[in-house]
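# Secondary and tertiary structure notes
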Amino acid sequence: MRPKADTRVLEELARCLDDHYRFCSYLKIVSKGDELPDEAAPTLGGLFGRVKLVSLEPNFSQAFWDARAANAQWTITLKSRKEGLSTWIASHGFRRSFLMPEHGTLVVSEIDKSALRLFTIYKRFYDNLPEAFKRAVPLVECSKTHMRFAHGGHIECSSAQSGFRGDTKHFLHFSELAFYTDIGRTADAAFNVAADSASVHVESTAFGINEFYRLWFGDTAYRKIFVPWQANPENVQRGRLKDVPPEFESIRREHRLADQQLVWALNKYRTKCRSNWTTFRQEYPLDPVMAFVASGDRFFTTFYHDGKVSYGHRQLAPKIPGHVYTMGVDTASGSKAKEADNSTWCILDVTDPKHITIASTFYGKADIPTFCSMLYDEGRAYDALAVVEANSYGLSVIEYLVAHQYPYMYVNQKAAKMADRYSTTLGFWSGLQTKMLLLARIQEDVSRGWFEPDDERLKYEMNVFTYAETGLPRAKEGEHDDLVIATALALYGRDQVSILTEERENFIPATIEELIKYEVSTGLIAGKDFMREPRLAPIERLVR
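What you are looking at is a predicted structure, and each value in this text was computed from that prediction instead of being measured.

### Concerning the pairing of strand 16 (residues 385-388)
By the alternation rule, side chains of strand 16 split into Leu385 and Val387 and Ala386 and Val388, which are all buried. The pairing of strand 13 (residues 325-330) with strand 16 spans four bridges and is classified as parallel. The partner of glycine 328 across the bridge, within strand 16, is valine 387.

### With respect to the sheet that holds strand 11 (residues 223-226)
Strand order in the open sheet made by the eight strands is 6-7-8-5-9-10-4-11, with mixed pairing throughout. The sheet is open, and its two borders are formed by strand 6 (139-142) and strand 11, each paired with just one other strand. Across the sheet, the mean angle from the axis of one strand to that of its neighbour is 15 degrees, orientation sign disregarded. Note: strand 5 (residues 104-109) against strand 9 (residues 169-175), four bridges, orientation parallel. What sits directly across from valine 108, in strand 9, is phenylalanine 174.

### A short note on the packing of aromatic side chains
Going through the model one piece at a time under the given rule, you end up with 39 aromatic pairs. On the numbers, 5.0 Å between centres and 55 degrees between planes, the contact of phenylalanine 248 with phenylalanine 280 is tilted. In this pair, phenylalanine 248 sits in helix 9 (residues 246-255) while phenylalanine 280 sits in helix 11 (residues 277-283), placing the two residues 32 residues apart along the sequence. Exposure remark for phenylalanine 248: the relative accessible area of 0% places this residue in the buried category. Among the aromatic residues, those joined into a ring-pair cluster are Phe23, Phe94, Phe98, Tyr122, Phe125, Tyr126 and Phe149. If you follow arginine 68 out to its NZ or CZ, it ends over the ring of phenylalanine 64, 4.1 Å from the centre. The ring of tyrosine 126 carries the charged tip of lysine 134 above its face, separated from the ring centre by 5.7 Å.

### What to know about unusual backbone geometry
Glycine aside, residues mostly have negative phi angles, and peptide bonds mostly take the trans form. Of note, the phi angle at glutamate 102 is positive, near 65 degrees, even though the residue is not glycine. If you trace the backbone, glutamate 102 turns up in the loop between helix 4 (85-99) and strand 5. Positioned with a positive phi, glutamate 176 is a non-glycine residue whose angle comes to about 50 degrees. One can find glutamate 176 in the loop between strand 9 and helix 7 (183-191). Under the relative-accessibility criterion, glutamate 176 is labelled buried at 15%.

### Quick look at the pattern of salt bridges
Within the structure shown, the criterion is met by 24 salt bridges. Here glutamate 211 ties to arginine 214 by a salt bridge, and the two come within 3.6 Å at their closest N and O atoms. Within this pair, glutamate 211 and its partner arginine 214 are both found in helix 8 (residues 211-217), separated by three residues, close to a single helical turn. Given a relative accessible area of 38%, glutamate 211 falls into the partly exposed group. Overlapping salt bridges, with partners in common, bring together Lys79, Arg81, Glu176, Glu203 and Glu283 in one network.

### Points about the sheet that holds strand 14 (residues 343-349)
An order of 12-15-14-13-16 is seen for the five strands of this open sheet, with the pairing classed as mixed. Two strands in the sheet have a free side with no partner beyond their single neighbour: strand 12 (312-315) and strand 16. This sheet shows a mean twist of 15 degrees between the axes of neighbouring strands, independent of strand direction. Against the sheet, helix 16 (residues 456-463) touches strand 12 and strand 15 (357-364), its axis set at about 75 degrees to strand 15. Helix 17 (residues 482-492) rests against strand 13, strand 14, strand 15 and strand 16 of the sheet, and its axis sits at about 35 degrees to strand 14.

### A look at the nonpolar core
In this structure, Met327, Leu348 and Tyr406 are the most contacted members of the largest nonpolar core, which totals 57 residues. The element contributing the most residues to this core is helix 17, with nine residues. Look past the residues within four positions of methionine 327 in its chain and what remains in contact with it is Trp345, Cys346, Ile347, Leu375, Gly379, Ala384, Leu385, Ala386, Val387, Tyr406 and Ala490. Leu27, Ala115, Phe119 and Cys157 belong to the second largest nonpolar core, which has 36 residues in total.

### Notes on the environment of tryptophan 74
Along the polypeptide, tryptophan 74 turns up in strand 4 (residues 74-78). Look at tryptophan 74 and you get partly exposed, because its relative accessible area is 30%. In the structure, tryptophan 74 is positioned 126 residues away from valine 200 in sequence and 4.7 Å away in space, judged by C-alpha atoms. With near-sequence residues (within four places) excluded, tryptophan 74 lies in contact with Phe191, Ala198, Val200, Ala221, Tyr222 and Arg223.

### Comments concerning helix 14 (residues 392-403)
Look at helix 14: 17 Å from first C-alpha to last across twelve residues, which is about the 16 Å you get at 1.5 Å a residue. All of the buried residues along helix 14 are Gly394, Val397, Ile398 and Leu401. Mapping the buried residues of helix 14 onto a view down its axis gives an arc of 100 degrees, with all of them on the same face. Of the exposed residues in helix 14, the ones pointing more than 90 degrees away from its buried face are Ser392, Glu399 and Ala403. Positive backbone phi, at 55 degrees, marks glutamine 405, one or two positions downstream of helix 14.

### Examining helix 7
Think of an α-helix as 3.6 residues a turn; residues three or four steps apart then line up on the same face. For helix 7, every residue scored as buried is listed here: Ile183, Thr186, Ala187 and Ala190. With its buried residues spanning 95 degrees around the axis, helix 7 presents them on a single face. Those residues of helix 7 that are exposed and angled more than 90 degrees off the buried face are Arg185 and Asp188. Buried residues along helix 7 sit in contact with strand 5, strand 9, strand 10 (194-204) and helix 8.

### Some thoughts on the side chain of glutamate 461
Looking at the secondary structure, you find glutamate 461 in helix 16. Despite its burial, glutamate 461 pairs with no opposite charge, the nearest such side chain being arginine 457 at 8.8 Å. Side-chain polar atoms of glutamate 461 contact the backbone nitrogen of aspartate 482, separated by 3.2 Å. Every residue in contact with glutamate 461, bar those within four places of it in the chain, is listed here: Tyr363, His480, Asp481, Asp482, Leu483 and Val484.

Quick notes on the rules
Residues numbered from 1 in each chain as written. Predicted model: local features only at pLDDT ≥ 70, side-chain atom pairs only at ≥ 80, totals over all residues. Heavy atoms only, no water. Buried < 20%, exposed > 50% of the residue type's maximum accessible area, 1.4 Å probe, protein only. Helix = DSSP H or I, 4+ residues; strand = E, 2+ residues; numbered from the N terminus. Pairing = 2+ DSSP bridges. Axes fitted to C-alpha atoms, helices over the stretch in contact; angles between N-to-C directions. Phe/Tyr/Trp six-rings, centres within 6.5 Å; stacked < 30°, edge-to-face > 60°. Lys NZ or Arg CZ within 6 Å of the ring centre and 35° of its normal. Salt bridge = Lys/Arg side-chain N within 4 Å of Asp/Glu carboxyl O. Contact = heavy atoms within 4.5 Å. Core = buried A, V, L, I, M, F, W, Y, C linked by side-chain atoms within 4.5 Å. Expected span 1.5 Å × (residues − 1). Arc of directions from axis to C-beta. Lys, Arg positive; Asp, Glu negative; His and termini not counted. Polar contact = N/O pair within 3.5 Å; in protein donor to acceptor, adjacent residues only side chain to side chain.

In structure tokens form, the structure reads like this:
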């Protein structure tokens with residue numbers, strides 16, 4: 001038999017039911033601060049050490065949301081990144097299910113991984129409540145994504161992948177709805193377990209022209225809440241305005257931004273958004289229209305008038321002794337059909353990361369054995385690090401390069417399930433997230449002027465590389481993006497050129513002519529014994 005709770009505890013819980021801010025003073029979240037936790041602060045252990053927990057006190061965006069959402073049964077929120085709105089809406093759902101018998105909360109996400117992450121917020125809320133509260137409302141069931149209290153209140157965090165339990169839900173929270181693969185199907189499944197009087201709260205950053213866009217601009221029962229970052233007095237930063245892009249000059253005038261607001265915005269643009277204006281529009285919008293990237297918008301803001309399609313091998317610059325090169329490789333089937341993709345490579349001189357140039361490209365429909373042979377010879381001519389996209393055809397290229405002992409290969413390393421163990425695979429394994437990392441890299445390097453796309457084929461593909469209705473960038477219908485991807489792979493390979501950089505610094509010229517070219521092009525001094533020792537590739541060193 002469960003012991004009766006203290007009358008004072010029950011009275012405090014009743015006050016918390018009526019006063020959300022009072023209840024939040026008992027909830028704990030991970031501090032955003034960089035300070036180390038003091039001994040008095042509760043902490044969480046984890047892979048990266050211990051983190052400080054603090055009480056949930058509403059920030060500007062959370063208080064703004066509360067004021068706009070007051071007394072609304074259904075809300076839809078268009079937000080900026082990292083404003084804490086998912087956590088704040090979670091606190092409302094947790095309060096109801098913890099304090100109201102038989103009250104169910106359903107938190108919906110796109111994938112199971114996101115559901116697990118969201119559930120940790122609720123679990124942290126409960127674990128750090130006062131012990132008197134937990135004795136009054138004990139937890140009787142808890143899994144990785146579900147908790148149930150003794151009075152029947154319950155919380156479920158799930159995704160369309162896993163489906164939803166049959167328990168009736170009274171509070172529905174759709175997190176990052178714009179990123180769902182099938183918004184309609186997921187929403188219908190969630191509403192099947194919702195009570196008629198359920199509160200429904202949708203929140204998301206924008207992601208192209210999709211169902212979330214239509215829900216926001218359509219005539220619906222949802223109360224629309226837009227949280228503009230420029231209204232937050234905390235979103236300012238001291239600093240000197242330097243090299244302000246024209247797009248920011250425009251929004252500065254239109255929205256009357258102060259200098260410190262513009263400095264803050266430029267910092268987000270150049271760091272979080274990697275100098276991608278389209279990403280900034282979606283992640284830090286100043287108004288709802290700005291947030292939604294229109295289908296057909298170009299991914300690269302610059303239009304190249306001299307871009308055109310042509311085929312074959314182009315050498316734009318010979319190898320320079322002592323320079324460091326990377327080679328991105330995107331492989332196709334070799335089909336001669338007009339609509340078929342092209343096999344491509346792009347070799348870049350990445351010696352100076354802020355002045356990257358193209359050395360060699362190939363663009364055409366070669367069969368895989370021929371392409372592999374050409375690729376191997378060209379890569380060895382530049383001693384380039386090969387970054388091969390490991391799709392079905394790319395695996396054939398990787399096997400060929402390994403069989404022929406190609407010395408420099410990009411390695412993908414990921415953590416294995418066992419602690420402190422890693423698995424490595426050759427090539428770049430491309431999924432949705434990793435592809436966006438690739439594209440963010442090339443967009444940043446182009447927009448900052450660190451990379452100039454001198455190849456006319458690459459310029460043409462960049463001109464037709466646009467946002468689809470899903471919000472994802474890709475080539476226009478009937479066009480190709482093979483050389484864009486190959487170039488992005490080469491740029492991404494800069495992260496693993498340390499061995500090539502070491503060889504550059506220890507370079508031993510074979511001739512007087514090579515010595516002169518090396519020292520003129522690099523500004524480094526070759527060793528005195530440069531004629532006495534031949535150069536060896538890494539694999540040759542191992543078997544010497």
